[in-house]
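Observations on chain architecture
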Amino acid sequence: MRGTEFGELSAFMAVAEQRNFTRAAKQLGISPATLSETIRNLEERLGIRLLNRTTRSVAPTEAGEKLLLRLRPVIDDYEAAIDSLNEFRDNLLVTAFSSRGLDPKPAVPATIARSYANMIAVLLMIETAAAQRELGMAKKFAAHVNARMERVSGRLHTLRTELEQLVKETRS
């Protein structure tokens, strides 16, 4: 699933659940006009109306309600997979290795400190056996994250296939 499709589906879910473009736009951090255009693009791409709109209300169509019911569990699983990584993001950890050993107070570039304050940053200069062990642990962590994201990606791919089938069924 491409990022645009994921963004469109997230926008649809916000509007369908909030039943209000202004509140959904605020939740997503975008303007109501941008949100409206995103929904319009999604509906055009799918070839089916997902939301009934009046000047006073917004409600999912029958197809929109069916899509929402199918999307919610997948998105919940996706969010749970991302949330499961929070234990690794709790602190900013900066470690530098050199031939002098572990440097307890390495200099942290300001851009890294600002941009990644809630993430783990491991700066390695591989020169010692201890650094090699640390790199091995980092690779295992990366493999774990990649495996989780592949499972989520598979679920999103399945959802896309089911969504395409739903659109075909609805058009019939």
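Below: a short report on this structure. Keep in mind it's a predicted model, so treat the numbers as computed, not measured.

Some details on helix 4 (residues 62-83)
- With 22 residues, helix 4 extends 31 Å from end C-alpha to end C-alpha; this agrees with the ideal 32 Å at 1.5 Å per step.
- In helix 4, a bend of some 30° at leucine 71 exceeds every other bend along the element, and proline 73, a proline, comes one to four places later.
- Residues of helix 4 that are buried: Ala63, Gly64, Leu67, Leu68, Leu71, Val74, Ile75 and Ala81.

Things to note about the side chain of glutamate 5
- Residue position: glutamate 5 is located in helix 1 (residues 3-18).
- Take glutamate 5: its relative accessible area is 3%, and that puts it in the buried class.
- Within the structure, glutamate 5 has its side chain in polar contact with the side chain of arginine 160 (distance 3.2 Å).
- In this structure glutamate 5 touches Arg45 and Arg160, once residues within four positions along its chain are discounted.

Considerations on the nonpolar core
- Counting 31 residues, the largest nonpolar core has Phe12, Val15, Leu35, Ile39, Leu51 and Leu67 as the members making the most contacts within it.
- Sorting the residues of this core by element identifies helix 1, helix 2 (21-28), helix 3 (32-46), helix 4 and helix 6 (129-171) as the ones contributing at least two each.
- Sequence-distant contacts of phenylalanine 12, defined by excluding residues within four places in its chain, comprise Ile39, Leu42, Leu50, Leu51, Gly64, Leu67, Leu68 and Leu71.

Here we look at the environment of glutamate 162
- Along the chain, the position of glutamate 162 falls in helix 6.
- With 92 residues separating them in the primary sequence, glutamate 162 and arginine 70 have C-alpha atoms 8.7 Å apart.
- Within the local environment of glutamate 162, its side chain forms a polar contact with the side chain of arginine 70, the two groups lying 2.6 Å apart.

Re the pattern of salt bridges
- Counting across every chain of the model gives 12 salt bridges.
- Taking the shortest distance from any N to any O, the salt bridge between arginine 160 and glutamate 5 comes out at 3.2 Å. Residue arginine 160 is located in helix 6, and its partner glutamate 5 is located in helix 1; the two are separated by 155 residues in the primary sequence.
- Judged by relative accessible area, arginine 160 falls into the partly exposed class, the value being 26%.
- Across the pair glutamate 17 and arginine 72 runs a salt bridge whose closest N-O atoms are separated by 2.9 Å. In this pair, glutamate 17 sits in helix 1 while arginine 72 sits in helix 4, placing the two residues 55 residues apart along the sequence.

Side note on the side chain of threonine 38
- With respect to the secondary-structure elements, threonine 38 resides in helix 3.
- A polar contact is formed between the side chain of threonine 38 and the backbone oxygen of threonine 34, at a distance of 2.9 Å.
- If we ignore the near neighbours within four places in the chain, the residues touching threonine 38 are Gly7, Glu8 and Ala11.

So, helix 3
- Between the first and last C-alpha of helix 3 there are 21 Å, a value that for 15 residues agrees with the 21 Å anticipated at 1.5 Å per step.
- Among all positions of helix 3, only Leu35, Thr38, Ile39, Leu42, Glu43 and Leu46 are buried. Along the long axis of helix 3, the arc covered by the buried residues comes to 130°, so they all point the same way. Exposed and oriented more than 90 degrees from the buried face of helix 3 are Ala33 and Glu44.
- Remark: glycine 47 follows helix 3 within two positions and exhibits a positive phi of approximately 75°.

Cut-offs applied
- Residues numbered from 1 in each chain as written.
- Predicted model: local features only at pLDDT ≥ 70, side-chain atom pairs only at ≥ 80, totals over all residues.
- Heavy atoms only, no water.
- Helix = DSSP H or I, 4+ residues; strand = E, 2+ residues; numbered from the N terminus.
- Expected span 1.5 Å × (residues − 1).
- Bend = angle between axes of the 7 residues up to and from the residue.
- Buried < 20%, exposed > 50% of the residue type's maximum accessible area, 1.4 Å probe, protein only.
- Polar contact = N/O pair within 3.5 Å; in protein donor to acceptor, adjacent residues only side chain to side chain.
- Contact = heavy atoms within 4.5 Å.
- Core = buried A, V, L, I, M, F, W, Y, C linked by side-chain atoms within 4.5 Å.
- Salt bridge = Lys/Arg side-chain N within 4 Å of Asp/Glu carboxyl O.
- Arc of directions from axis to C-beta.

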